[in-house]
Amino acid sequence: KGFKEIGFMPEAFINLLAMLGWSSTEAREIFSMEDLIEKFSIERVHKGGAKFDYEKAKWYNHEWIKLSDANHLLPLVKWIYTQHKIDYKSDELLLTVIALVKERCILLNDFVQQGVYFFSTPQQFDYESVKPKWDDTKRLFFDDLILQFEQMTNWTATDIESIFKNLAAAKNIKPGELQLPFRVMLVGGKFGPAVFQIAEIIGREETIKRCRLFTL
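Computed from a predicted structure; not experimentally measured. (Residues numbered from 1 in each chain as written. Predicted model: local features only at pLDDT ≥ 70, side-chain atom pairs only at ≥ 80, totals over all residues. Heavy atoms only, no water.)

J.: Could you give an account of the nonpolar core, naming the residues involved and the relevant values?
T.: In this structure, Tyr81, Phe111, Phe141, Phe142 and Phe182 are the most contacted members of the largest nonpolar core, which totals 65 residues. Contact partners of tyrosine 81, with chain neighbours within four places excluded, come to Ile86, Tyr88, Leu94, Phe111, Val112, Gly115, Val116 and Phe119. (Core = buried A, V, L, I, M, F, W, Y, C linked by side-chain atoms within 4.5 Å. Buried < 20%, exposed > 50% of the residue type's maximum accessible area, 1.4 Å probe, protein only. Contact = heavy atoms within 4.5 Å.)

The structure is reproduced here in structure tokens:
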């Protein structure tokens with residue numbers, strides 16, 4: 001595999017290559033192509049051999065992903081998703097997902113793990129992270145939560161969070177003890193952006209479906 005296939009952005013890799021043997025007079029490491037054309041000088045190229053640091057290369061890539069807006073990242077992520085045969089439904093939905101998860105992605109390929117659950121139901125769940133604090137009280141909480149979800153008319157992150165926390169208070173359970181199981185139900189693992197945002201984006205029916213699929 002080349003660096004493109006591994007998931008490096010072209011801008012990040014050019015930035016990295018320029019910094020391998022050159023240093024700027026400025027206290028920064030992130031340079032666009034335009035910046036490099038303007039500021040690069042052969043006089044500041046080191047005489048010693050440059051050392052390629054793969055971890056530093058990933059750092060550059062992460063910084064560039066964070067700096068890039070969703071529209072710029074869209075064609076790159078679409079290419080990655082096509083390679084992994086992920087049906088991303090629409091550009092509009094994919095743009096929303098990119099904006100939500102990009103800061104969690106070091107390489108472009110990370111958009112697969114960090115975003116695929118928005119488009120398809122998880123095939124497996126990280127039960128081990130939930131088991132230590134799982135009991136019948138929490139199982140009954142989610143049974144009741146599903147019933148309340150079925151009755152909701154406004155499906156927004158704010159409304160979902162309100163229903164969730166009000167029910168937790170009524171059952172005298174700390175919301176924090178319930179959010180991890182809820183996340184695992186929706187995502188498959190204990191990662192991703194705000195769980196109520198995830199629920200809003202995947203929709204009410206899919207949220208209910210995933211909660212029902214999770215049996216522990």
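J.: So, the packing of helix α5 (residues 70-83) against helix α6 (residues 91-101): which residues are in play, and what are the values?
T.: At their nearest, the axes of α5 and α6 sit 9 Å apart, and the two run at 105° to each other. Judged on the interaxial angle alone, α6 and α5 are roughly perpendicular. Contact with α5, carried on its side by Ala70, Asn71, Leu73, Leu74, Val77, Lys78 and Tyr81, involves Asp91, Leu94, Leu95, Ile98 and Ala99 of α6 and no other residues of that element. Residue composition of the contact of α5 with α6, grouped by class: 9 nonpolar, 1 polar and 2 charged. (Axes fitted to C-alpha atoms, helices over the stretch in contact; angles between N-to-C directions. Helix = DSSP H or I, 4+ residues; strand = E, 2+ residues; numbered from the N terminus. Parallel < 35°, antiparallel > 145°, perpendicular 65-115°, else oblique. Nonpolar A, V, L, I, M, F, W, Y, C, P; charged D, E, K, R; others polar.)

J.: Describe unusual backbone geometry, naming the residues involved and giving the relevant values.
T.: A positive phi angle, near 55°, is found at lysine 85, a position not held by glycine. You can see lysine 85 is positioned in the loop between α5 and α6. Non-glycine residue lysine 89 carries a positive phi angle of around 70°. With respect to the element layout, lysine 89 can be found in the loop between α5 and α6. Look at lysine 89 and you get exposed, because its relative accessible area is 54%.

J.: Go over helix α8 (residues 136-151) with me, naming the residues and quoting the values.
T.: The end-to-end C-alpha distance of α8, which contains 16 residues, comes to 23 Å, matching closely the 22 Å that a straight helix rising 1.5 Å per residue would cover. Among all positions of α8, only Lys138, Phe141, Phe142, Leu145, Ile146 and Phe149 are buried. The arc enclosing the buried residues of α8, seen along the axis, measures out at 140°, which places them on a common side. Facing away from the buried side of α8 by over 90 degrees, the exposed positions are Asp136 and Gln151. (Expected span 1.5 Å × (residues − 1). Arc of directions from axis to C-beta.)

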